[in-house]
Amino acid sequence: MNDCLKKVTVADSGYSLELNSGISLATDCIVLGIGITPNIALAQEAGIEVGNGVIVSKDMRTSDADIFAVGDIVCVLNEHAGQGERLESWQNANVTATIAAAAICGAPLPPVEVPWFWSDQHDANIQVVGWPMRADKTIWRETDETIVAFYLLHGKLIGACTLNVGGDISVIRRMMNVGISPSAGDLTDPRIKLRGILKAMKT
């Protein structure tokens, strides 16, 4: 649903949400995901190309060849995604800065990685890799204490979300960075170690 929240009202047993389209929804709880609006005023004043952020090439160079940009403000083509994207995360700030530094120094550029995010909420560790919103299928791997959601597009692994199983996310990141897409059966069976799947498919 591509709609925006207009009003929240506290109800007897939860919340009532009114959307800009006029739709009303009843819910038990609300989870807010708050992003940012990039401040591109300085780049615009300098005549630099902007869009959803400051547009940069794969080496973080703006439309002015002498100016580089990094971090949450940049919109760069990700080779794995096949389109421009702007990411608001700690990992992205580090990665884009590393790429720009290499370009400025004339060193080889580091390989492009899939995006990765994480958050600790009380006693829960949540990690996300890739592009879950683009998936056409979600499959699950669950135990009594952990959950992994795998996101597929036309059968290809394009993302994952883990709850309290941070060790798996590093393996999934490596799978995606090298383009490995295990079978749905292997992904959903918690008895099959992801590290073993990765090793078998790389050999």
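Attention here is on the structure that accompanies the text. (Residues numbered from 1 in each chain as written. Predicted model: local features only at pLDDT ≥ 70, side-chain atom pairs only at ≥ 80, totals over all residues. Heavy atoms only, no water.)

1. Comments concerning helix H5 (residues 194-202)
Of the residues making up H5, those classed as buried are Leu 194, Ile 197 and Leu 198. Summarising the axial view, the buried residues of H5 lie within an arc of 100°, below the 170-degree limit, and thus occupy one face. Every exposed residue of H5 that faces more than 90 degrees away from the buried side is listed here: Lys 199 and Ala 200. Along its buried surface, H5 packs onto strand S10 (137-142), strand S11 (147-153), helix H3 (166-177) and helix H4 (184-188). (Buried < 20%, exposed > 50% of the residue type's maximum accessible area, 1.4 Å probe, protein only. Helix = DSSP H or I, 4+ residues; strand = E, 2+ residues; numbered from the N terminus. Arc of directions from axis to C-beta. Contact = heavy atoms within 4.5 Å.)

2. As for the packing of aromatic side chains
Under the definition given, this model contains one aromatic pair. When the ring of Trp 90 is compared with that of Trp 116, the centres are 6.4 Å apart and the planes differ by 75°; the resulting orientation is edge-to-face. Of this pair, Trp 90 sits in helix H2 (residues 90-105) while Trp 116 sits in strand S8 (residues 116-121), placing them 26 residues apart in sequence. Since its relative accessible area comes to 56%, Trp 90 is described here as exposed. (Phe/Tyr/Trp six-rings, centres within 6.5 Å; stacked < 30°, edge-to-face > 60°.)

3. Let's talk about the side chain of Arg 86
Among the secondary structure elements, Arg 86 is positioned in the loop between strand S7 (83-85) and H2. Side chain to side chain, Arg 86 and Asn 52 meet in a polar contact 3.1 Å long. A polar atom in the side chain of Arg 86 sits 3.1 Å from the side chain of Glu 88. Arg 86 has contacts with Ile 36, Pro 38, Asn 52, Gly 53, Asp 72, Ile 73, Val 74 and Cys 75, leaving out every residue within four places of it along the chain. (Polar contact = N/O pair within 3.5 Å; in protein donor to acceptor, adjacent residues only side chain to side chain.)

4. Points about the layout of surface pockets
Estimates place the volume of the largest pocket at around 610 Å³. Along its surface, the largest pocket is lined by 13 residues, and Val 31, Leu 32, Gly 33, Ile 34 and Gly 35 are the ones closest to its centre. Residue assignment for the lining of the largest pocket shows that the elements contributing at least two residues are S8 and strand S9 (124-130). (1 Å grid on protein atoms, 1.4 Å probe; cavity = no way out; pocket = protein on both sides within 12 Å on 5 of 7 lines; lining within 4 Å. Points joined across faces, edges and corners; volume = space filled by probe spheres on them.)

5. Let's talk about the nonpolar core
Judged by nonpolar contacts, the single largest core of 21 residues is most densely connected at Val 129, Phe 150, Leu 157, Ile 172, Met 175, Met 176 and Leu 194. Listing elements by their share of this core, those giving two or more residues are S11, strand S12 (156-163), H3 and H5. The dominant element in this core, judged by the number of residues it contributes, is H3, at five residues. Once residues within four sequence positions are removed from consideration, Met 175 is found in contact with Leu 157, Ile 180, Pro 182, Leu 194, Ile 197 and Leu 198. Counting eleven residues, the second largest nonpolar core, distinct from the first, contains Ala 43, Val 56, Val 74 and Val 76. (Core = buried A, V, L, I, M, F, W, Y, C linked by side-chain atoms within 4.5 Å.)

6. Here's the deal with the packing of H3 against H5
Where H3 meets H5, the axes come as close as 9 Å, and the angle between the chain directions of the two elements is 20°. Comparing the axis directions of H3 and H5 gives the class roughly parallel. The way H3 lies across H5 gives a crossing that is left-handed. For the pair formed by H3 and H5, the contact residues are Gly 167, Asp 168, Ser 170, Val 171, Ile 172, Arg 174 and Met 175 on the first element and Leu 194, Arg 195, Ile 197, Leu 198 and Lys 202 on the second. Of the residues contributing to the contact of H3 with H5, the split by class is six nonpolar, two polar and four charged. (Axes fitted to C-alpha atoms, helices over the stretch in contact; angles between N-to-C directions. Parallel < 35°, antiparallel > 145°, perpendicular 65-115°, else oblique. Left-handed = near helix turned anticlockwise from the far one by under 90°. Nonpolar A, V, L, I, M, F, W, Y, C, P; charged D, E, K, R; others polar.)

7. So, H3
Between its terminal C-alpha atoms H3 stretches 17 Å, which fits the 16 Å expected from twelve residues at 1.5 Å a residue. Within the span of H3, buried status applies to Asp 168, Ile 169, Val 171, Ile 172, Arg 173, Met 175 and Met 176. Elements that come into contact with the buried residues of H3 comprise H2, S8, S9, S11, S12 and H5. Among the residues trailing H3, Gly 179 stands out with phi positive, at a value near 80°. (Expected span 1.5 Å × (residues − 1).)

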